[in-house]
Amino acid sequence: ELAFSLENIGMEAGAMRLRIAEIANFFGIEDWFWEKTYTLSGGQKQILNVASALLLRPDLLILDEPDGSLDPVMRSELFAILNRLNQELGITILLCSHNWSIALPFATEVLYLENKKIDKFTSPQNFAHYLLSVNHPLSFALPSASQVHYQQNPSVSSEDLALTLADAQTKLKSSVLENKNAVATQDFPKLLEIQDLSFRYQQT
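Anyway, here's the lowdown on the structure attached to this text. (Residues numbered from 1 in each chain as written. Predicted model: local features only at pLDDT ≥ 70, side-chain atom pairs only at ≥ 80, totals over all residues. Heavy atoms only, no water.)

## Quick look at the side chain of Asp-67
Its location among the elements puts Asp-67 in the loop between strand S1 (60-64) and helix H4 (72-89). Since its relative accessible area comes to 2%, Asp-67 is described here as buried. Only 3.2 Å separates the side chain of Asp-67 from the side chain of Arg-75, close enough to count as a polar contact. Setting aside residues up to four positions removed in sequence, Asp-67 forms contacts with Gln-46, Arg-75, Leu-78, Phe-79, Ser-97, Asn-99 and Ile-102. (Helix = DSSP H or I, 4+ residues; strand = E, 2+ residues; numbered from the N terminus. Buried < 20%, exposed > 50% of the residue type's maximum accessible area, 1.4 Å probe, protein only. Polar contact = N/O pair within 3.5 Å; in protein donor to acceptor, adjacent residues only side chain to side chain. Contact = heavy atoms within 4.5 Å.)

What follows is the structure, given as C-alpha cells:
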C-alpha cells in the first residue's frame, strides 16, 4: 500500500525504501509494516491512507471527513498527526468535517458553506463567535468550551473566545478573579441562615 504510488511514478527501489522508512517513522507505524491491510482497524487504515498520500510529498492535502467512522481515541490521534504535518512539514491541509469539536482547535481559517454561499473566517474563534452571537442552530455543534465560555461571558471578543476546555478554564478563572473584589463588596440580602446543624446517614 505504501509503495503503490511510488511504483506508479517509477521511483528507484532504494529511494523508495528510504522514503517509505521516513514516512513510517514520522507516523509511528513501523509496527504495522508486515500486517495485512484488511487486519488494520478503521483508524489505522485512515492513518495509512494519509501516509500513502504523503509519500508523494504534496504541498496540499485535501481530506473529506477523514474522521467520519473513527472512535474518539483514533480521531484524536489522526488530528494530532495532521497537525504535525502542517506545523512541522508546512503542508497545507484543506479538511471538510462535521466534527467541529475536535477540528476547529486545529484550524487556522474556516470556509463555511451554507445556502450555496461560502463565507471565509480568518480564525476558528471568529467563526465560533459569529455562530454564537447570532444564535445560529449550528452553534450547538461548536466545541463545548466555546459554548460555555460565551454563555458565561457574552461580551467576550471573538479573538478571546476559548476553543478548548483548558483554555476556557483559564479564561473563566481569570474573569472570576477580576470580579471577585467587586462581588465581595456588594451587600447581598441574607437568604438563609443555619445554626448548629448536624446530620448522619441512617445505619442499616
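## Observations regarding the layout of surface pockets
Taken as a whole, the largest pocket holds about 1,000 Å³ of empty space. If you go around the largest pocket, you meet 28 residues; those closest to its centre are Leu-95, Cys-96, Ser-97, Glu-109 and Leu-111. Elements with a minimum of two residues in the lining of the largest pocket: H4, strand S2 (92-96), helix H5 (100-103) and strand S3 (110-114). Examining the composition of the lining of the largest pocket, we find that five residues originate from one element, S2, more than from any other. Residue composition of the lining of the largest pocket, grouped by class: 19 nonpolar, six polar and three charged. Empty space within the second largest pocket amounts to approximately 260 Å³. (1 Å grid on protein atoms, 1.4 Å probe; cavity = no way out; pocket = protein on both sides within 12 Å on 5 of 7 lines; lining within 4 Å. Points joined across faces, edges and corners; volume = space filled by probe spheres on them. Nonpolar A, V, L, I, M, F, W, Y, C, P; charged D, E, K, R; others polar.)

## Some words on the pattern of salt bridges
Following the criterion strictly, the structure yields five salt bridges and no others. For Glu-109, the salt bridge is made with Lys-120, and the minimal N-O distance between the two is 3.6 Å. Taken together, the positions of Glu-109 in the loop between H5 and S3 and Lys-120 in strand S4 (residues 117-121) put the pair 11 residues apart, joining distant regions of the chain. Owing to a relative accessible area of 47%, Glu-109 belongs among the partly exposed residues under this scheme. Judged by relative accessible area, which is 55%, Lys-120 ranks as exposed. The salt bridge partner of Asp-119 is Lys-117, with a shortest N-O separation of 3.7 Å. (Salt bridge = Lys/Arg side-chain N within 4 Å of Asp/Glu carboxyl O.)

## Brief notes about helix H3 (residues 42-54)
An ideal rise of 1.5 Å per residue puts 18 Å on 13 residues; H3 measures up with 19 Å between its terminal C-alpha atoms. Within the sequence span of H3, burial applies to Gly-43, Ile-47, Leu-48, Val-50, Ala-51, Ser-52 and Leu-54. (Expected span 1.5 Å × (residues − 1).)

## Points about the environment of Ser-41
Relative to the elements of secondary structure, Ser-41 occurs in the loop between helix H2 (13-27) and H3. Considered as a pair, Ser-41 and Asn-8 are 33 residues apart in the sequence and their alpha carbons are 26 Å apart.

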